[in-house]
Amino acid sequence: METVSENRCFGGVQGVYRHASDACACDMTFGLFLPPQAKDGPVPVLWYLSGLTCTHENAMTKAAAQGFAADAGMAVVFPDTSPRGDAVADDDAYDLGKGAGFYVNATQEPWAPHFRMWDYVADELPALLGKEFAIDLGRQAITGHSMGGHGALTIAMAHPGRFASVSAFAPIANPSQSDWGRKQLSAYLGNDESTWSKHDATVQMQEVGFDGPVLVDQGGSDQFLELLKPEALSHAMAARRQDGVFRMQKGYDHSYFFVSTFIPDHIAFHADALGL
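Residues numbered from 1 in each chain as written. Predicted model: local features only at pLDDT ≥ 70, side-chain atom pairs only at ≥ 80, totals over all residues. Heavy atoms only, no water.

Quick note on the threshold: UniProt positions are given in the numbering used here, feature names are shortened, and annotations may be inferred rather than shown by experiment.
The protein goes by S-formylglutathione hydrolase in an unreviewed UniProt entry, where it is assigned to Marivita geojedonensis. Recorded under Catalytic activity (unreviewed entry), the UniProt text for the protein is reproduced unchanged: "S-formylglutathione + H2O = formate + glutathione + H(+)".

Below you can see the structure in the form of C-alpha coordinates.
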(Lines give C-alpha, C1' and ligand atoms only; values in the text may rest on other atoms or scores of the structure.)
Protein backbone atom coordinates (compact mmCIF):
# COMPACT_ATOMS: atom_id res chain seq x y z
CA MET A 1 0.00 0.00 0.00
CA GLU A 2 1.29 3.44 -0.98
CA THR A 3 0.76 6.58 1.05
CA VAL A 4 -0.20 9.31 -1.40
CA SER A 5 -0.58 12.05 1.21
CA GLU A 6 -1.20 12.60 4.91
CA ASN A 7 -2.34 15.90 6.41
CA ARG A 8 -2.98 16.95 9.99
CA CYS A 9 -6.70 17.53 10.37
CA PHE A 10 -8.73 18.33 13.52
CA GLY A 11 -6.02 16.68 15.64
CA GLY A 12 -6.11 13.55 13.53
CA VAL A 13 -4.84 12.62 10.07
CA GLN A 14 -6.54 12.85 6.69
CA GLY A 15 -4.74 10.39 4.49
CA VAL A 16 -4.95 9.26 0.89
CA TYR A 17 -3.71 5.78 0.03
CA ARG A 18 -3.31 3.64 -3.09
CA HIS A 19 -3.20 -0.14 -3.29
CA ALA A 20 -3.48 -2.98 -5.80
CA SER A 21 -7.05 -4.28 -5.71
CA ASP A 22 -7.76 -7.94 -6.42
CA ALA A 23 -11.50 -7.26 -6.65
CA CYS A 24 -11.17 -4.54 -9.29
CA ALA A 25 -7.97 -5.84 -10.91
CA CYS A 26 -6.38 -2.40 -10.87
CA ASP A 27 -4.89 0.14 -8.50
CA MET A 28 -7.49 1.80 -6.26
CA THR A 29 -7.22 5.00 -4.23
CA PHE A 30 -9.15 5.86 -1.08
CA GLY A 31 -9.23 8.56 1.56
CA LEU A 32 -9.24 7.80 5.29
CA PHE A 33 -9.68 10.23 8.16
CA LEU A 34 -8.36 8.93 11.47
CA PRO A 35 -9.43 10.99 14.51
CA PRO A 36 -6.95 11.78 17.30
CA GLN A 37 -8.44 8.95 19.40
CA ALA A 38 -6.95 6.43 16.96
CA LYS A 39 -3.55 7.07 18.54
CA ASP A 40 -4.82 5.21 21.62
CA GLY A 41 -6.39 2.23 19.86
CA PRO A 42 -8.89 1.11 17.20
CA VAL A 43 -11.84 3.44 16.57
CA PRO A 44 -15.25 2.89 14.93
CA VAL A 45 -15.51 3.63 11.22
CA LEU A 46 -18.08 5.41 9.07
CA TRP A 47 -18.12 4.53 5.38
CA TYR A 48 -18.95 7.41 3.03
CA LEU A 49 -19.86 6.28 -0.50
CA SER A 50 -19.84 9.01 -3.12
CA GLY A 51 -21.99 9.66 -6.17
CA LEU A 52 -21.75 9.77 -9.95
CA THR A 53 -18.59 11.36 -11.43
CA CYS A 54 -16.91 11.54 -8.00
CA THR A 55 -13.57 10.13 -6.87
CA HIS A 56 -12.45 9.59 -3.27
CA GLU A 57 -11.63 13.29 -3.15
CA ASN A 58 -15.04 14.97 -3.52
CA ALA A 59 -16.55 14.11 -0.15
CA MET A 60 -13.17 14.20 1.54
CA THR A 61 -12.80 17.89 0.67
CA LYS A 62 -16.45 19.07 0.44
CA ALA A 63 -18.59 17.16 2.96
CA ALA A 64 -16.98 18.79 6.03
CA ALA A 65 -17.19 15.54 7.97
CA GLN A 66 -13.77 15.47 9.64
CA GLY A 67 -14.33 17.93 12.49
CA PHE A 68 -17.54 16.25 13.62
CA ALA A 69 -15.95 12.81 13.24
CA ALA A 70 -12.99 13.94 15.36
CA ASP A 71 -15.33 15.11 18.12
CA ALA A 72 -17.09 11.73 18.03
CA GLY A 73 -13.90 9.68 17.86
CA MET A 74 -14.87 8.10 14.55
CA ALA A 75 -12.83 7.29 11.44
CA VAL A 76 -14.32 8.08 8.03
CA VAL A 77 -13.32 6.21 4.87
CA PHE A 78 -13.90 7.67 1.40
CA PRO A 79 -13.59 4.95 -1.29
CA ASP A 80 -13.47 5.71 -4.98
CA THR A 81 -16.65 5.19 -7.01
CA SER A 82 -15.23 2.89 -9.70
CA PRO A 83 -12.10 1.15 -10.93
CA ARG A 84 -9.58 3.34 -12.72
CA GLY A 85 -6.77 2.99 -15.26
CA ASP A 86 -6.10 2.75 -18.98
CA ALA A 87 -7.14 -0.91 -19.09
CA VAL A 88 -10.52 -0.23 -17.47
CA ALA A 89 -13.56 -0.01 -19.75
CA ASP A 90 -15.31 3.35 -19.98
CA ASP A 91 -18.19 5.08 -21.73
CA ASP A 92 -18.60 8.57 -23.16
CA ALA A 93 -21.62 9.18 -20.90
CA TYR A 94 -21.00 10.54 -17.40
CA ASP A 95 -23.34 7.98 -15.81
CA LEU A 96 -21.69 4.76 -17.02
CA GLY A 97 -18.16 3.45 -16.66
CA LYS A 98 -15.45 5.29 -14.74
CA GLY A 99 -16.94 7.31 -11.90
CA ALA A 100 -20.19 5.34 -12.17
CA GLY A 101 -19.54 1.91 -10.67
CA PHE A 102 -22.98 1.80 -8.98
CA TYR A 103 -21.57 -0.46 -6.23
CA VAL A 104 -22.36 -3.71 -8.09
CA ASN A 105 -20.34 -6.67 -9.34
CA ALA A 106 -20.64 -6.48 -13.12
CA THR A 107 -21.30 -9.73 -14.97
CA GLN A 108 -21.45 -8.31 -18.51
CA GLU A 109 -18.70 -7.36 -20.94
CA PRO A 110 -16.79 -5.09 -21.14
CA TRP A 111 -17.41 -4.27 -17.47
CA ALA A 112 -17.00 -7.64 -15.74
CA PRO A 113 -13.17 -7.74 -15.49
CA HIS A 114 -12.91 -4.60 -13.32
CA PHE A 115 -16.29 -3.31 -12.16
CA ARG A 116 -16.64 -5.25 -8.91
CA MET A 117 -17.30 -2.38 -6.54
CA TRP A 118 -19.65 -4.43 -4.33
CA ASP A 119 -16.85 -6.85 -3.44
CA TYR A 120 -14.37 -4.00 -3.14
CA VAL A 121 -16.42 -1.97 -0.66
CA ALA A 122 -18.04 -4.85 1.22
CA ASP A 123 -15.04 -7.17 1.51
CA GLU A 124 -11.64 -6.16 0.20
CA LEU A 125 -11.30 -2.61 1.50
CA PRO A 126 -12.62 -3.40 5.02
CA ALA A 127 -10.08 -6.21 5.34
CA LEU A 128 -7.28 -3.86 4.26
CA LEU A 129 -8.36 -1.14 6.70
CA GLY A 130 -8.56 -3.59 9.59
CA LYS A 131 -5.06 -4.84 8.83
CA GLU A 132 -3.30 -1.53 8.20
CA PHE A 133 -5.03 1.03 10.45
CA ALA A 134 -6.45 1.45 13.95
CA ILE A 135 -9.96 0.58 12.80
CA ASP A 136 -12.47 -1.45 14.83
CA LEU A 137 -14.39 -3.50 12.25
CA GLY A 138 -16.75 -4.60 15.00
CA ARG A 139 -18.17 -1.06 15.03
CA GLN A 140 -19.14 0.13 11.55
CA ALA A 141 -21.73 2.50 10.10
CA ILE A 142 -22.34 3.55 6.50
CA THR A 143 -23.63 6.56 4.59
CA GLY A 144 -23.51 7.96 1.09
CA HIS A 145 -24.74 10.56 -1.37
CA SER A 146 -26.82 9.96 -4.52
CA MET A 147 -25.35 6.85 -6.21
CA GLY A 148 -23.44 6.39 -2.95
CA GLY A 149 -26.66 6.58 -0.97
CA HIS A 150 -27.95 3.75 -3.14
CA GLY A 151 -24.77 1.81 -2.39
CA ALA A 152 -24.89 2.49 1.34
CA LEU A 153 -28.51 1.37 1.71
CA THR A 154 -28.20 -1.77 -0.39
CA ILE A 155 -24.89 -2.90 1.13
CA ALA A 156 -26.22 -2.29 4.65
CA MET A 157 -29.40 -4.29 4.07
CA ALA A 158 -27.43 -7.15 2.49
CA HIS A 159 -25.12 -7.50 5.52
CA PRO A 160 -27.29 -7.78 8.65
CA GLY A 161 -25.32 -7.37 11.84
CA ARG A 162 -22.39 -5.57 10.25
CA PHE A 163 -23.50 -1.93 10.39
CA ALA A 164 -24.93 -0.29 13.49
CA SER A 165 -26.72 2.31 11.34
CA VAL A 166 -27.17 3.49 7.76
CA SER A 167 -27.94 6.93 6.38
CA ALA A 168 -28.16 8.53 2.96
CA PHE A 169 -28.17 11.95 1.33
CA ALA A 170 -30.49 12.09 -1.71
CA PRO A 171 -30.04 8.41 -2.58
CA ILE A 172 -30.98 6.88 -5.92
CA ALA A 173 -33.84 5.20 -4.11
CA ASN A 174 -35.53 3.04 -6.75
CA PRO A 175 -33.00 2.49 -9.56
CA SER A 176 -34.87 -0.38 -11.23
CA GLN A 177 -37.63 2.15 -12.01
CA SER A 178 -35.37 5.08 -12.96
CA ASP A 179 -33.15 6.16 -15.82
CA TRP A 180 -30.49 6.46 -13.14
CA GLY A 181 -30.46 2.72 -12.66
CA ARG A 182 -32.10 0.84 -15.51
CA LYS A 183 -29.37 1.91 -17.93
CA GLN A 184 -26.55 0.99 -15.55
CA LEU A 185 -28.05 -2.20 -14.09
CA SER A 186 -28.77 -3.58 -17.55
CA ALA A 187 -25.25 -2.66 -18.74
CA TYR A 188 -23.49 -4.16 -15.72
CA LEU A 189 -25.82 -7.06 -14.81
CA GLY A 190 -27.71 -7.85 -18.01
CA ASN A 191 -31.36 -7.67 -18.94
CA ASP A 192 -32.65 -10.22 -16.43
CA GLU A 193 -34.28 -7.81 -13.99
CA SER A 194 -34.46 -10.46 -11.28
CA THR A 195 -30.71 -9.89 -10.77
CA TRP A 196 -31.31 -6.19 -10.08
CA SER A 197 -33.40 -6.42 -6.90
CA LYS A 198 -30.38 -6.79 -4.59
CA HIS A 199 -29.31 -3.36 -5.82
CA ASP A 200 -32.59 -1.50 -5.38
CA ALA A 201 -32.99 0.09 -1.94
CA THR A 202 -36.77 0.33 -2.23
CA VAL A 203 -37.13 -3.34 -3.16
CA GLN A 204 -34.77 -4.40 -0.39
CA MET A 205 -36.59 -2.22 2.14
CA GLN A 206 -39.84 -3.95 1.13
CA GLU A 207 -38.31 -7.43 1.30
CA VAL A 208 -35.83 -7.42 4.19
CA GLY A 209 -35.43 -3.94 5.71
CA PHE A 210 -32.49 -2.95 7.88
CA ASP A 211 -31.74 -4.31 11.34
CA GLY A 212 -30.93 -0.90 12.82
CA PRO A 213 -31.86 2.78 12.49
CA VAL A 214 -32.06 4.54 9.13
CA LEU A 215 -31.74 8.27 8.37
CA VAL A 216 -32.46 9.67 4.90
CA ASP A 217 -32.25 13.36 3.96
CA GLN A 218 -33.58 14.53 0.62
CA GLY A 219 -33.45 18.08 -0.70
CA GLY A 220 -36.88 19.40 -1.61
CA SER A 221 -35.45 21.43 -4.51
CA ASP A 222 -33.17 18.67 -5.79
CA GLN A 223 -32.91 19.01 -9.56
CA PHE A 224 -32.83 15.20 -9.91
CA LEU A 225 -35.94 14.29 -7.92
CA GLU A 226 -37.58 12.44 -10.81
CA LEU A 227 -34.48 10.26 -11.20
CA LEU A 228 -33.98 9.67 -7.46
CA LYS A 229 -37.59 8.64 -6.71
CA PRO A 230 -37.43 9.35 -2.95
CA GLU A 231 -41.15 8.79 -2.46
CA ALA A 232 -40.74 5.08 -3.30
CA LEU A 233 -38.25 4.55 -0.47
CA SER A 234 -40.25 6.68 1.94
CA HIS A 235 -43.38 4.62 1.27
CA ALA A 236 -41.43 1.37 1.64
CA MET A 237 -40.00 2.49 5.00
CA ALA A 238 -43.46 3.44 6.26
CA ALA A 239 -45.07 0.23 5.03
CA ARG A 240 -42.38 -1.85 6.72
CA ARG A 241 -42.50 0.33 9.85
CA GLN A 242 -38.76 0.58 9.58
CA ASP A 243 -36.88 2.10 12.51
CA GLY A 244 -35.89 5.30 10.78
CA VAL A 245 -36.54 8.84 9.64
CA PHE A 246 -37.03 10.18 6.10
CA ARG A 247 -36.71 13.98 5.92
CA MET A 248 -37.51 16.31 3.03
CA GLN A 249 -35.36 19.40 3.46
CA LYS A 250 -37.12 22.39 1.93
CA GLY A 251 -35.11 24.45 -0.56
CA TYR A 252 -32.01 22.23 -0.71
CA ASP A 253 -30.61 20.87 -3.97
CA HIS A 254 -28.35 17.92 -4.83
CA SER A 255 -25.02 19.61 -4.17
CA TYR A 256 -22.40 19.29 -1.45
CA PHE A 257 -23.83 22.46 0.08
CA PHE A 258 -26.77 20.22 0.99
CA VAL A 259 -24.53 17.42 2.24
CA SER A 260 -22.32 19.68 4.34
CA THR A 261 -25.37 21.31 5.92
CA PHE A 262 -26.70 18.03 7.28
CA ILE A 263 -23.47 16.06 7.83
CA PRO A 264 -23.43 17.04 11.55
CA ASP A 265 -26.82 15.35 11.99
CA HIS A 266 -25.61 12.23 10.23
CA ILE A 267 -22.36 12.00 12.21
CA ALA A 268 -24.32 12.40 15.46
CA PHE A 269 -26.84 9.79 14.30
CA HIS A 270 -24.11 7.23 13.63
CA ALA A 271 -22.18 8.12 16.77
CA ASP A 272 -25.29 7.43 18.85
CA ALA A 273 -25.85 4.07 17.13
CA LEU A 274 -22.19 3.17 17.72
CA GLY A 275 -22.43 4.09 21.41
CA LEU A 276 -19.99 7.00 21.20
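On we go from here.
**Some points on the overall build of the protein**
Note the following rule: In DSSP terms, a helix is any run of H or I states spanning at least four residues, a strand is any run of E spanning at least two, and both are numbered starting from the N terminus. The globule rule used for comparison is 2.2 Å times the number of residues to the exponent 0.38, while the radius of gyration itself is calculated over C-alpha atoms. In this scheme, a residue with accessible area under 20% of its type's maximum is buried, one over 50% is exposed, and one in between is partly exposed, where area comes from a 1.4 Å probe on protein chains only. The contact rule is simple, with two residues in contact once any of their heavy atoms fall within 4.5 Å. Method for areas: the Shrake-Rupley scheme with a 1.4 Å probe, in which residue coverage is limited to the protein chains shown. Charged residues are defined narrowly, with Lys and Arg counted positive, Asp and Glu counted negative, and His plus the chain ends left uncounted. To locate a charge, take NZ of a lysine, CZ of an arginine, CG of an aspartate or CD of a glutamate.
A count of helices and strands for the protein gives nine helices and nine strands. The C-alpha radius of gyration of the protein comes to 17 Å, within 12% of the 19 Å expected for a compact globule of 276 residues. Burial analysis of the protein (276 residues in total) assigns 59% to the buried set. When contacts within the protein are restricted to residue pairs at least 6 apart in sequence, those whose partners lie at least 24 apart make up 73%. Summing over all exposed atoms, the protein offers an accessible surface of approximately 10700 Å²; the carbon and sulfur share of this is 48%. Each charge class in the protein can be summarised by its mean position, and for the 18 positive and 33 negative side chains these summaries are 3 Å apart.

**Section: the environment of glutamine 37**
Where we set the bar: Think of a polar contact as two N or O atoms within 3.5 Å of one another; within protein, one of them needs to be a possible hydrogen donor and the other a possible acceptor, and neighboring residues in sequence only count if both atoms come from side chains.
Residue placement: glutamine 37 occurs in the loop between β3 (26-34) and β4 (43-49). When its relative accessible area of 31% is taken as the criterion, glutamine 37 is described as partly exposed. For the pair glutamine 37 and alanine 70, spaced 33 residues apart in the sequence, the C-alpha separation amounts to 7.9 Å. With near-sequence residues (within four places) excluded, glutamine 37 lies in contact with Val43, Ala70, Asp71, Ala72 and Gly73. At 3.0 Å, the side chain of glutamine 37 forms a polar contact with the backbone oxygen of alanine 70.

**A word on the packing of aromatic side chains**
How we decide: In this analysis, rings of Phe, Tyr and Trp, with Trp reduced to its six-membered ring, are considered paired at centre separations within 6.5 Å, and the interplanar angle assigns stacked below 30 degrees, edge-to-face beyond 60, and tilted for intermediate values.
As enumerated under the stated definition, the model contains twelve aromatic pairs in all. Ring geometry for tryptophan 111 versus phenylalanine 115: centroids 5.2 Å apart, planes at 85 degrees, classification edge-to-face. Centre to centre, the rings of tyrosine 252 and phenylalanine 258 are 6.2 Å apart; their planes meet at 45 degrees, and the pair counts as tilted. For tyrosine 252, a relative accessible area of 29% translates into the label partly exposed.

**Considerations on the pairing of strand β6 (residues 135-144)**
In plain terms, the rule: Between any two strands, pairing holds if DSSP finds at least two bridges. By convention a crossover is right-handed if, when the strands point away from the viewer, the path from the first strand over the helix to the second runs clockwise.
Where β4 lies against β6, six bridges are found, and the strand directions are parallel. When the bridges of β6 are listed, leucine 46 appears paired with alanine 141. Across two bridges, the pairing between β6 and strand β7 (residues 163-169) is parallel. Bridge assignment links glutamine 140 to a residue of β7, and that residue is phenylalanine 163. Considered for its hand, the β-α-β crossover made up of β6, helix α4 (residues 147-158) and β7 is right-handed.

**Overview of the side chain of histidine 270**
In this structure, histidine 270 sits in helix α9 (residues 256-273). A polar side-chain atom of histidine 270 sits 2.8 Å from a polar atom in the side chain of serine 167. With residues up to four places along the chain from it excluded, the contact list for histidine 270 reads Leu46, Met74, Ala141, Ile142, Thr143, Ser165, Val166 and Ser167.

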